[in-house]
Every structure is written in C-alpha cells, then in structure tokens.
Amino acid sequence: MAAIDPADIAAMRADGSLHEFLQFLTGKAPAKPPTAQKPDVVHYTIPRPGAWPVGTAASGPVPAVCDCPNCQRKGAP
C-alpha cells in the first residue's frame, strides 16, 4: 500500500470523503440511515367545501350577531 501524505488527508477532508476512507481502512461497513416508521394512526381529512382548512382559523375578530329584522327573516343567526 502506498504511503498517505498529509496533502492526501487534506484533500479527502476538503472533499468530504475522509470518514469513508477511515471506515474502509478499519473494514467497518457504513451505518445504514434509520428508516422512517409509518404511523399507526391513519391521518385523513374529510373534505368540507367552503370551510376553513383544518387547523386554521379566521384572522381578526369574529363578527357580531346581527339583530336587524332583515337578517332574522332570512334565518341568519
């Protein structure tokens, strides 16, 4: 095996492959990244046309209830 000089180490450090080189020298296999586990609960939303998206609310104050006779006739609260 050829000798490794400090310039090679610096180049591998700059390249980002020094860790892989050291693993190769020691004979260790690279660790596998953890797999994402699927949640046990199925999350879904029921479509509600015209409604606010789930988890949001209107910005600003809530309008007051109108007591005028015109609104009472239309069935508005």
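Draft legend 1. Structural detail: the confidence of the model for the protein chain. Within the protein chain, residue pLDDT values average 76, and 86% of them lie at 70 or more. Between the elements of the protein chain, mean pLDDT differs from a low of 68, seen in helix α3 (residues 69-74), to a high of 87, seen in helix α1 (residues 6-15).

Draft legend 2. A look at a nonpolar patch on the surface. A cluster of nonpolar side chains, I4, L22, F24 and L25, forms an exposed patch at the surface whose accessible area comes to about 400 Å². You can see L22 is positioned in helix α2 (residues 18-26).

Draft legend 3. Geometry of α1. Of all 10 residues that make up α1, one are buried, and the element is exposed over most of its length. Trailing α1 by a residue or two, G16 shows a phi angle of about 90 degrees, which is positive.

Calculation notes
Residues numbered from 1 in each chain as written. Predicted model: local features only at pLDDT ≥ 70, side-chain atom pairs only at ≥ 80, totals over all residues. Heavy atoms only, no water. pLDDT = per-residue confidence, 0-100. Helix = DSSP H or I, 4+ residues; strand = E, 2+ residues; numbered from the N terminus. Patch = residues over 30% accessible without salt bridge, like charges linked within 9 Å, V, L, I, M, F, W, Y side chains within 5 Å. Areas by Shrake-Rupley, 256 points an atom, 1.4 Å probe, with all protein chains shown as cover. Salt bridge = Lys/Arg side-chain N within 4 Å of Asp/Glu carboxyl O. Buried < 20%, exposed > 50% of the residue type's maximum accessible area, 1.4 Å probe, protein only.

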